[in-house]
Amino acid sequence: METVELVQLIKTRRSIRLFQDKPVPEALLVQAVEAATRTPNGGNAQNWRFFIILDKKLINAVADVIQADLKTLMSWPEMAKSMPAGSRPRNPQPGSPLNTAPALIVVTTTRPSNPMNDAMAKRAKTDIKAKQMFEGLQVVAGWAQSTSAAVAYLMLVLHQMGLG
């Protein structure tokens, strides 16, 4: 792929909220996940987890949990204060756009445990410098950065495949 093609792929990727009612071959999803696992990541921790969901009942259950949590979040007075009425998330149709998705890839991350982090966390309770160093690690959050990069790779590969 030429740079121009890659840039075009990046520029044309969009978030899809209306899905076609046709199955997605599992092999394509597996191929996309395998490509995403090639993402560079700090310390080769590979702290991401990919879950391919094809079962419609499970997809709907995930969508329902997300919608319920969003509804709860939007009911909080703090949210009303922080978001002007026109910028609040709205969904003209009942349910979530995910309810129409034929497949779902859920990506999670774990905070890796290593001797350095463990020592800093323990020592941070009594050592101010260790506390500062440990807090800095939480801000940088390499584990989140690595997983975010994997998701970006995943979305580009899915877009290249013609999947939302």
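Before any of the text, the structure's been laid out above.
Residues numbered from 1 in each chain as written. Predicted model: local features only at pLDDT ≥ 70, side-chain atom pairs only at ≥ 80, totals over all residues. Heavy atoms only, no water.

K.L.:
Please explain the layout of surface pockets as it appears in this structure.
P.N.:
Gaps left between atoms are located by rolling a probe of water-molecule size over the structure's atoms. Of the volumes computed, that of the second largest pocket is approximately 400 Å³. Surrounding the second largest pocket, 19 residues form its lining, Pro112, Asn114, Asn117, Leu137 and Trp143 being those nearest its centre. Among the residues making up the lining of the second largest pocket, the classes are represented as nine nonpolar, eight polar and two charged. (1 Å grid on protein atoms, 1.4 Å probe; cavity = no way out; pocket = protein on both sides within 12 Å on 5 of 7 lines; lining within 4 Å. Points joined across faces, edges and corners; volume = space filled by probe spheres on them. Nonpolar A, V, L, I, M, F, W, Y, C, P; charged D, E, K, R; others polar.)

K.L.:
Before we go on, may I ask you to explain the nonpolar core in this structure?
P.N.:
Proteins that are soluble and globular tend to have nonpolar side chains buried together. Residues Val24, Leu29, Ala32, Val33, Ala36, Trp48, Phe50, Ala103, Ala150, Leu154 and Leu158 constitute the largest nonpolar core, which totals 11 residues. Those elements that place two or more of their residues in this core are helix H2 (26-36), strand S1 (48-53) and helix H7 (142-160). Broken down by element, the residue count for this core peaks at four residues, all from H2. Each residue touching Leu29, except ones within four places of it in the same chain, is listed here: Val24, Ile52, Leu54, Ala103, Ile105, Leu158 and Leu163. (Core = buried A, V, L, I, M, F, W, Y, C linked by side-chain atoms within 4.5 Å. Buried < 20%, exposed > 50% of the residue type's maximum accessible area, 1.4 Å probe, protein only. Helix = DSSP H or I, 4+ residues; strand = E, 2+ residues; numbered from the N terminus. Contact = heavy atoms within 4.5 Å.)

K.L.:
Explain the environment of Thr147 to me, please; I cannot follow it from the model alone.
P.N.:
Here Thr147 lies in helix H7. Contact partners of Thr147, with chain neighbours within four places excluded, come to Asn47, Trp48, Val107, Thr108 and Thr109.

Keep in mind that these numbers describe shape and distance, not what the molecule does.
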